[in-house]
Amino acid sequence: MSRAKRDLILYVNGDRFAVSVEPRKSLADTLREDCHLTGTHLGCEHGVCGACTVLLDGEPVRACLILGVQAAGHSIRTVEGLAGENGTLHPLQQAFWDNHGLQCGFCTPGFLMLAAGLLESADPVTDDKIDDVLSSNLCRCTGYQNITRAVCAAARVMRQ
Amino acid sequence: MTGSGTGPWVGRSVRRLGDPSILRGEGRYVADAIAGQDCLHTVFVRSPVAAGVLRAVQVPAGVWALTAAELASVAGICPTMDRPDYVPVTTPVLASDVVRFVGEPVAMVVAASPAEALDAAELVGVEIDRTPPVLSVADALRAGAPAVHDVAFPGEVNTVVQGTLTTPGFGDIFNAAATTVTVSSGSARQSALPIETRGSLADYEQRTGRVTLTTSTQMPHVTRTGICTSLGIPADLLRVVAPDVGGAFGQKMCLAREDIALVHAARQLRRAVAWVETREENLTASWHSREQQYTLTGAFDPDGRLLALRADIVADVGAYSCYPVTFGVEPLMALSELPGPYALEHYDVRARGVLTNKCPIAPYRGVSRPAMTLALERLMDTAAKQLGISPVQIRLRNLVREFPHTTPTGLVLDKASYVETMQDAVTAADLPGFRVRQQAAREQGRLLGIGLSVFAEHTGYGTPAFGARRLFMTPGYERVEITMDPSAGVVIRIGSSPHGQGLATTLAQIIADELGIAPEQIRVVHGDTDSTPFGWGTFASRSLVICGGAALMAARRLRQQLAAIAGELLDCDPWDLVFGDGRITRPGTESEVAIGHVAGFAYLNMNKLKSTSGSGLYAEAEYDPRGTFSNACHIAEVEVDPETGEVKILRFLVAEDAGRLINPAIADGQICGGVAQGIANALYEELVYDEDGNLSTASLMDYLPPTSAEIPPITIMHRETISDTELTGAKGIGEGGTIGAPAAVLSAISDAVTHLGVDVFQMPQSPHRLHASIQEAKQEGRA
Amino acid sequence: MKPAPFDYIPAASVAEAVAALAELGDGSKVLAGGQSLLPMMNFRLARPDALVDIGGLGELRGVQARERFIEVGALTRHLDLERTGVPGPLGSLLRSAGAQVGHLPIRTRGTFGGSVAHADPASEWCVLAALLDATMTVTSLAGTRTVAAADFFTTIFTTALEPDELLTAVTLPRLDESYRVAVVEFARRAGDFAIVAVMVACSVRNGVIGDARVCLGGVADRPVRSLAAESLLAGQPAGAAAFRAAADAAAAAVSPPADIHGSAGYRRDLVSVLLRRALERMAP
Ligand SMILES: Cc1cc2nc3c(=O)[nH]c(=O)nc-3n(C[C@H](O)[C@H](O)[C@H](O)COP(=O)(O)OP(=O)(O)OC[C@H]3O[C@@H](n4cnc5c(N)ncnc54)[C@H](O)[C@@H]3O)c2cc1C
Ligand code: FES
Ligand code: FES
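Residues numbered from 1 in each chain as written. Chains lettered and ligands numbered in written order. Predicted model: local features only at pLDDT ≥ 70, side-chain atom pairs only at ≥ 80, totals over all residues. Heavy atoms only, no water.

Remarks on the domain arrangement of chain B
Residues and elements named next belong to chain B.
Then comes step 1: Partitioning chain B into domains gives domain 1 (19-26 + 477-623), domain 2 (37-131 + 198-276) and domain 3 (368-462 + 627-779).
Then comes step 2: Distance between the C-alpha centres of domain 2 and domain 3: 38 Å.
Then comes step 3: Taken residue by residue, the interface counts four residues in domain 2 and four residues in domain 3.
Then comes step 4: Of the roughly 310 Å² buried where domain 2 meets domain 3, counting both sides, 44% is carbon and sulfur surface.
Then comes step 5: The three residues of domain 2 that bury the most area against domain 3 are Ala-50, Val-102 and Phe-249, which together make up 77% of that side's buried surface.
Then comes step 6: At the boundary of domain 2 with domain 3, the tally comes to zero salt bridges. (Domains from an automatic or database assignment. Contact = heavy atoms within 4.5 Å. Buried area = accessible area lost by both parts, 1.4 Å probe. Salt bridge = Lys/Arg side-chain N within 4 Å of Asp/Glu carboxyl O.)

Thoughts on the pairing of strand S3 (residues 50-53) of chain C
Residue and element names in this part refer to chain C.
Then comes step 1: Judged by which residues are buried, S3 turns out to be covered on both faces: Ala-50 and Val-52 on one side and Leu-51 and Asp-53 on the other are all buried.
Then comes step 2: As paired strands, strand S1 (residues 7-10) and S3 are joined by four bridges and run parallel to one another. Bridge assignment links Pro-10 to a residue of S3, and that residue is Asp-53.
Then comes step 3: Pairing between strand S2 (residues 28-31) and S3: four bridges, direction parallel. (Buried < 20%, exposed > 50% of the residue type's maximum accessible area, 1.4 Å probe, protein only. Helix = DSSP H or I, 4+ residues; strand = E, 2+ residues; numbered from the N terminus. Pairing = 2+ DSSP bridges.)

Examining the sheet that holds strand S20 (residues 490-494) of chain B
Residue and element names in this part refer to chain B.
Then comes step 1: An order of S21-S20-S19-S25 is seen for the four strands of this open sheet, with the pairing classed as mixed. Single-partner strands in this sheet number two, and they are strand S21 (522-525) and strand S25 (617-623). For this sheet, the mean angle separating the axes of adjacent strands, direction not counted, is 20°.
Then comes step 2: Here strand S19 (residues 478-484) pairs with S25 via seven bridges, running antiparallel. Bridging across to S25, Thr-483 finds its partner in Tyr-618. (Axes fitted to C-alpha atoms, helices over the stretch in contact; angles between N-to-C directions.)

Some details on the domain arrangement of chain A
Residue and element names in this part refer to chain A.
Then comes step 1: We note that the domain assignment places domain 1 (6-81) and domain 2 (91-159) within chain A.
Then comes step 2: Domain 1 and domain 2 are separated by 21 Å when their C-alpha centres are compared.
Then comes step 3: At the junction of the two partners, domain 1 supplies 17 residues and domain 2 supplies 14 residues.
Then comes step 4: Roughly 1200 Å² is buried in total at the junction of domain 1 and domain 2, and carbon and sulfur atoms are behind 62% of that figure.
Then comes step 5: Scanning the region where domain 1 abuts domain 2 turns up one salt bridge.

Here's the deal with the interface of chain A and chain B
Then comes step 1: The interface is formed by 43 residues belonging to chain A together with 54 residues belonging to chain B.
Then comes step 2: Summing the contributions of chain A and of chain B, the shared interface buries around 4000 Å²; its carbon and sulfur component is 58%.
Then comes step 3: The largest share of the area that chain A buries against chain B comes from Trp-97, His-100 and Arg-140 of chain A, three residues that together contribute 22% of it.
Then comes step 4: There are four salt bridges connecting chain A and chain B.
Then comes step 5: Between Asp-119 of chain B and Arg-24 of chain A there is a salt bridge whose closest N-O contact spans 2.7 Å.
Then comes step 6: Along the contact surface separating chain A from chain B lie 25 residue pairs in polar contact (both at pLDDT 80 or more).
Then comes step 7: For the side of chain A that touches chain B, the secondary-structure elements that each account for two or more residues are helix H1 (27-34), helix H2 (91-98), helix H3 (108-119) and helix H4 (127-134) of chain A.
Then comes step 8: Residue composition of the side of chain A that touches chain B, by class: 19 nonpolar, 17 polar and seven charged. (Polar contact = N/O pair within 3.5 Å; in protein donor to acceptor, adjacent residues only side chain to side chain. Nonpolar A, V, L, I, M, F, W, Y, C, P; charged D, E, K, R; others polar.)

Below is the structure:
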């Protein structure tokens, strides 16, 4: 073994990706550069902003604080995997659109995946829980009001 | 929000047109362009010391790097102002013989991947002889202080811009006044902190020698001009493209030295070269803002009328001057706009910009206005207290009620609703009810406070206002080109460069109403110097006012062309025709024609028309307004934990008047985002340097943008005062949230702790600071 | 913000992990959840030559309940503990401390063992380990040894772990039903590391405090037990007077560091305020 590139398989949004990456490459960079899924963004690369949030085996994680090699064999979901087959927006995407939950849109994929991890988990979701979880990520544009509104609206839709 | 139906569109919360693709993760930000490109990657080697003489930069064999030595042919950046009290300072693209702040670029290293570029950058040796740094205004103004630049201002070595003004007869009024009140207030350094850092891709085209710079910018055309000036190349050799931009707030409007180096390297290497700033670089070496101190003395009559205002304003501008607006931007704006919404006649002011060995400043949302409004509003509160009247009363006695009103610095306040919005906000806040709750809470040992701020937001100003600043270039106008294709699809090309403000949607709403079509039929092309008319970009709450005005004019011209053809087809006077639902109709008749048919005719059957002036449907317009003031009143309700110094904002209220609301949801979005940044300024964010000039807050663990948990629910009310100064009736709204919030929050804190003998004037009121003030008051027995 | 190059060794067993650590020596590091190590590597503040990834060792994840104590596997995630079903006061303590570690996406990855090995003086798990006199189980090629919490945290970001040693589990005593516990911290924003963190666990019978444990985070180079406070609480009626005396004594006994978030004096005042509040809020 060495610092050289490793071959690995990632399962992203139901697709299988065979990639070859250096051990030091983050999952975020692997997704962006090797899987060509650039919807996962980087805003700090030290775990605070949450722009890189994706689901790993269904749970929200910081893709800047996971190595690509650590994700080998795991199932990953990114913002590109939210909409339906025919392009129908996921209830969260629809709610962000309807509630003006994005401005520049840079933080949006991270917030969508954070919220997807929460709303799609088996745990009951309360508004307080939503508030608590949404404080995980940073948005500089919206002042958060409409992000919270959108996620609460999506939660209502998804409960039905 | 609405997404379909028929017009009119203006005034409705139409869902934004481009959102679905961004929501699917299909946004194209600069790093996305880079990820898909075969290109070289850049890391800048930066100065680790705040001040020093650069002795040598050693680039080991095998590392490709540029240093100042290789950039001899590239001119530094030297924005100027045509005034004697501005000292021009040149920013070299890479530091040549002196380094002036930690983070200043010294060399540019290029390699096959970002990680390898970083590996290589670590091998570059930088030899610097340290010299004593100047790290505060106090340091910089001290007699015998080291000079940050070898440029002398008469008297003080580090003062590089100074504006003064005294209105005639000031002294007499000031000295004769019944009461004078002095406050000192200010703001720490802040970063605009877009979640997307800066970044660029310079792509070299072998065939033509042209470079396309895809860059996260607010100002593509000015960026092109700046880079070409430095490189000494014709503008046509550079195309600047702003892709999706992940927030900017001012940090992406000034020319980046990194971008000049990047274009130069792409031309040298004849390859694509990319740079994505790290968050650490963004905090240390992108632009800073806001480090200002104000000392205000107001002379009041016994009723609380502000008769005369004396102001001393100092801005710590860092080590260099930003292009194009210069380091005069903060002090000179403060000088000219400080009197705010108050009917002040006598004004005496000195505003200075002082160099330090810190990161240079550039505009950040609101520029000087957050700190300026804080100072003035705290003066009003303090005077009210001293005169025994309420904060509302003192404002009622001073707010401008007659329009237009000319301020002592010659600004003209157009029709607004300063008094009315304040009354709206105060009513909604239920002040009497709050006082009851406050008392009840205090009996349980809980400290609640309420505070308000009132301000005028200068927006949408064109060359007349910028001309008065005497910058070396005069920003202001915007051009819009509009075409309708043969199927009635509309494309507009604009020089503004929106990045999250929803401008494409609001412009489409305005145009849709003029042309009787749906917003979805309108495509807005922006952010590309090859395909848009020259324009100044998006900043200073200007785009909807100026670009929107130009779009309205252009759409009206296009409508005339359509009407002329339709008039002929329907055999009637074009002036009688009504546009709507995709049709042009003769009112009162069944006679109508589809706009698509008219558009087709204009291209395909021109020969059959008698009266038109040529084929096709194309119009353009330029708009260059004087400017307009939107206004608002903010009210914050806070709870202070006196034991920890922690402040929680319980409720935030905004009564806003931005003229006609083209899209209420988008307007509210701007306000909420602005308020959150204002709260950040008031309570959380502070760029701190240590005694050696290293930034102690170079990560988001130490620099603290608030999360949703720190931002309270925000309630917004609107008035729509239409003044005749702008075409669409819309006033700018981009900065107001940021401007009003800090003053409201600090005023609320003061209200909560005033019985303890504490009054707060400095931002941010971080817990340790407020705690210290409370302790100090206790020890001094002030309560 | 890209790490320096390193070798990556995914371990398939504890034996493999310790063998790799022994072979690679000083320059290698264990990679658990990566939530502290990878940020430091991204800043290039840490630059190990090799990472031994123990992330795949399922046997190290989870809580084993024994009669008198529980054993927390090193790879137990923060989120596992936030949701743990451990009964009694210890369960309360684990859940409420767990809920204050960073944010959800950090808690899904970060591990108890990683926190303890990283030894941030403000970390919830370090404070908890010191509060409860935890015992660390440590394995290397040379065998397995145990280290008491008091000996484990040596200074900031430094522990008694040798470079070739793997922390496999942490043993925590169960607290009987007489215990009242609380976690109170002060941070600037939701999810931030505490400026000062306070944890208490006091056995209270008939209104009188028996065993009293008070641990402070963020006030020294490691989590510190406040012996001053503990001795003023033990044997006293659980009430305002004892709480205040203990809080003041704890504050007087610390000499905290100063940084941009607060002076030493501010932190000292926070100790007094937070400890008083923690004692007031103690619950089973
Ligand atoms: C934004 C953010 C906020 C955070 N907030 C908090 C907070 O409020 N409170 C808090 O406590 N933490 C916080 N953390 C840190 C987080 O809790 C980490 O998960 C934890 O500190 C380390 O656990 P880990 O499993 O991620 O360890 P790693 O990062 O993998 O490792 C950390 C260190 O421990 C060593 N190590 C790990 N496991 C072992 C082992 N079994 N044996 C020997 N050595 C080992 C590693 O070699 C490394 O030196 C935060 C982190 C982030 C990014
Ligand atoms: S980029 Fe991963 S948290 Fe900011
Ligand atoms: S929408 Fe711009 S950062 Fe959130």
